[in-house]
Amino acid sequence: MRTGLPLLAAALLVTACGTTSSPPPPPVIVEEPPEVSLPPEPVEEEPVVEERAGLIPPHMEERELSRVALLLPFSSENAGARAESLRLLRAAELALFERAGGNLLMIPKDTQGTPDGARSAALAAVEDGADMIIGPLFGPAVAAAGEVARQAGIPVVAFSTDATIAGDGVYLLSFPPEIEVERVVEYAARQGVWRYAYLGSQNRYGTAVYNALQNSAAMTDGMVTSEAFYTGDVEAMSRAAARLAEDRFLPLTPEQADELRRREWIPDPEMPFQAVILPEGSTRLRALGPLLISQSVDPLVVRFLGTGLWNDDSLLREPALYGGWFAGPDRAARERFDASYEQAFGSEPSRISSLAYDAMALAAHLDGGELGFSAEAIEVEQGFMGADGLFRFGETGVIERGLAVYELRSRGFRIIEPAPASFDQPLVDPALLEDLRLRRELLAAEAGIDPAFDPYEQLRREQRVIVNMNPDDVMDPRGGPNEAGVLVLEEEPEERIDYTLFRREMPEDYPRPGDEEEELDDEDLPEG
């Protein structure tokens, strides 16, 4: 009995263990960390340049256009400026029709003749999608328009002669007096001139000519020995002429004048100056020549030199200026432009109308080229051929021109040295300068004088009056005297000039300033 109880208890215990279970432990929940999305790395995108749609006329909608804005003072308060603007516009239109294709659009803009108006016109041109700006006409307007154009990267081809506003994309298509003076002085130096004088207005143009004369004379081993400025009319000009002469010139006798007329002009080493530059034009120049002759500054002894203002057919009526030299553009090329303009518009162009023609012709040349309207294309070394002959621009923006040298005669302008066909040769040949220096040093040594003081004097004294010689014996203009030492030759009879009347007195009916129509002030008008 006792043994059964423990077995029963053990059996119950085993049974109890098999049928009773404890609840399972709660599941372990593992929380995943929240996803943190990092911002994407910045991707550098190429800048999007908005292309200017530009002005598109309805009839040119299907074309790939180039646009040229023409900025001129169409509504200026100055009547002369308004009239000049119309002539420049017509010349630009002529070039557009003759030189351009069907994809070049001209957009005229009015500067109103003020810097603010020019700035507004330039802004409007940029909005219209201009690839190039032609104009304005006057210096302050060019400066204002140039600021706008530089910011937009648009080249400007303007008509001012003020070199201080040129450069950095602004090019001056004009006739700056500096290049005209350099050309005529270089030619005069090859004829033996080394003493120069200045007689002209004390204005901006006159000052530019005077400074150019100083620089050009120094470049050719010469010097400016006399100068006289004036401000005013004929009376002021007369006083200046007297100051310039200072009673240092003696009047020629009829016999002396006849002798000088029979031979080619050579610089006289005994004269205070051998050439005088007169930076005037039109009526004022026609008064200035006789005023010099009245002071015994005779064209048979002293060579009169001029600027582009001398390129005027009305001066052919002035005997006092006959024999004078000046540098200017190729007249044959200009005459072709004049004829084309007159045929198209039934009127004569002004002396600066050709500037607008050449500017638009340049735009037509650049249009469609590989370099487009870039500085590299505009500053091409070989330059361009225009209505006024050869020209080119450099980095400074100031124009360089291939100019001819003319002599004023009663029957017209005689070319005494043609304009160059290319820019291969420098304006002042270094070989010429070296030759001049060597010859002067040699002459100075032989004469026992200072080389810096009149080194040609001894040679001129020895060869004073040699006439009627064989032209084959005459010195070459670029070389030295020949073995015979001959420097002169007889002049053709029809080329002889009689100054007798003007040596006695100035004619009573001589034209005075104000006898012609009012034009733009020469200080402001680009010279041509």
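Model, not experiment: these values are computed from the prediction.

Student: Honestly, the sheet that holds strand 8 (residues 275–277) in this entry has me stumped. Any pointers?
Tutor: Two orientations exist for strands paired in a sheet by backbone hydrogen bonds: parallel and antiparallel. One open sheet holds the seven strands; their spatial order is 7-6-8-9-10-14-15, and the pairing between them is mixed. Every other strand in the sheet has two partners, leaving strand 7 (223–230) and strand 15 (412–417) as the edge strands with one partner each. Going across the sheet, the axis of each strand differs from the next one's by a mean of 30°, ignoring polarity. In this sheet, strand 9 (residues 303–306) lies alongside strand 8 in parallel orientation, the contact comprising three bridges. The residue bridging isoleucine 277 from the neighbouring strand is leucine 305, located in strand 9. Each of strand 6 (195–201), strand 7 and strand 8 is contacted by helix 7 (residues 234–245), which is oriented at about 155° to strand 7, the strand it contacts most.

Student: How should I be thinking about the sheet that holds strand 3 (residues 132–134) in this particular structure?
Tutor: As summarised here, the arrangement of the five strands in space is 2-1-3-4-5, forming an open sheet in which the pairing is parallel. Each edge of the sheet is formed by a strand with only one pairing partner; in this case those strands are strand 2 (104–110) and strand 5 (170–172). Across the sheet, the axes of successive neighbouring strands diverge by a mean angle of 20°, strand direction being ignored. Relative to strand 3, strand 1 (residues 66–72) runs parallel, the two being bridged by three bridges. In the sheet register, leucine 70 faces strand 3, and the bridge partner there is isoleucine 134.

Student: Teacher, can you tell me more about the packing of helix 7 against helix 9 (residues 282–294) here?
Tutor: The angle between the axes and the distance between the axes are what describe a pair of packed helices. Running from amino to carboxyl end, helix 7 crosses helix 9 at an angle of 35°, the nearest separation of the two axes being 9 Å. Crossing of helix 7 against helix 9: the hand is right-handed. Seen from helix 7, the contacting residues are Val234, Met237, Ser238, Ala241 and Leu244; seen from helix 9, they are Arg284, Ala287, Leu288, Leu291 and Leu292. For the contact of helix 7 with helix 9, a count of residues per class yields eight nonpolar, one polar and one charged.

Student: How do you make sense of the packing of aromatic side chains when you look at a structure like this?
Tutor: The geometry of an aromatic ring pair is captured by the separation of the ring centres together with the interplanar angle, meaning the angle of the planes. Under the definition given, this model contains 15 aromatic pairs. Summarising the aromatic geometry, the rings of phenylalanine 337 and tyrosine 341 are spaced 6.0 Å apart at their centres and angled 55° between planes, so their arrangement reads as tilted. Residue phenylalanine 337 and its partner tyrosine 341 are both found in helix 10 (residues 331–345); the two are separated by four residues, about one turn of the helix. Phenylalanine 337 sits in the buried class, given a relative accessible area of 5%.

Student: Looking at this model, I keep getting lost on the nonpolar core. Mind explaining?
Tutor: Soluble globular proteins tend to bury their nonpolar side chains together. In this structure, Met132, Phe159, Tyr196, Met360 and Phe393 are the most contacted members of the largest nonpolar core, which totals 70 residues. A per-element tally of this core places helix 11 (residues 353–366) first, with ten residues. Apart from the residues within four sequence positions on either side, methionine 132 is in contact with Arg67, Val68, Ala69, Ile154, Pro155, Val157, Ala359, Leu362, Ala363, Leu366 and Phe373. Core analysis: the second largest hydrophobic core is formed by 39 residues, Ala240, Leu252, Met271 and Leu316 among them.

Basis of the calculations
Residues numbered from 1 in each chain as written. Predicted model: local features only at pLDDT ≥ 70, side-chain atom pairs only at ≥ 80, totals over all residues. Heavy atoms only, no water. Pairing = 2+ DSSP bridges. Helix = DSSP H or I, 4+ residues; strand = E, 2+ residues; numbered from the N terminus. Axes fitted to C-alpha atoms, helices over the stretch in contact; angles between N-to-C directions. Contact = heavy atoms within 4.5 Å. Left-handed = near helix turned anticlockwise from the far one by under 90°. Nonpolar A, V, L, I, M, F, W, Y, C, P; charged D, E, K, R; others polar. Phe/Tyr/Trp six-rings, centres within 6.5 Å; stacked < 30°, edge-to-face > 60°. Buried < 20%, exposed > 50% of the residue type's maximum accessible area, 1.4 Å probe, protein only. Core = buried A, V, L, I, M, F, W, Y, C linked by side-chain atoms within 4.5 Å.

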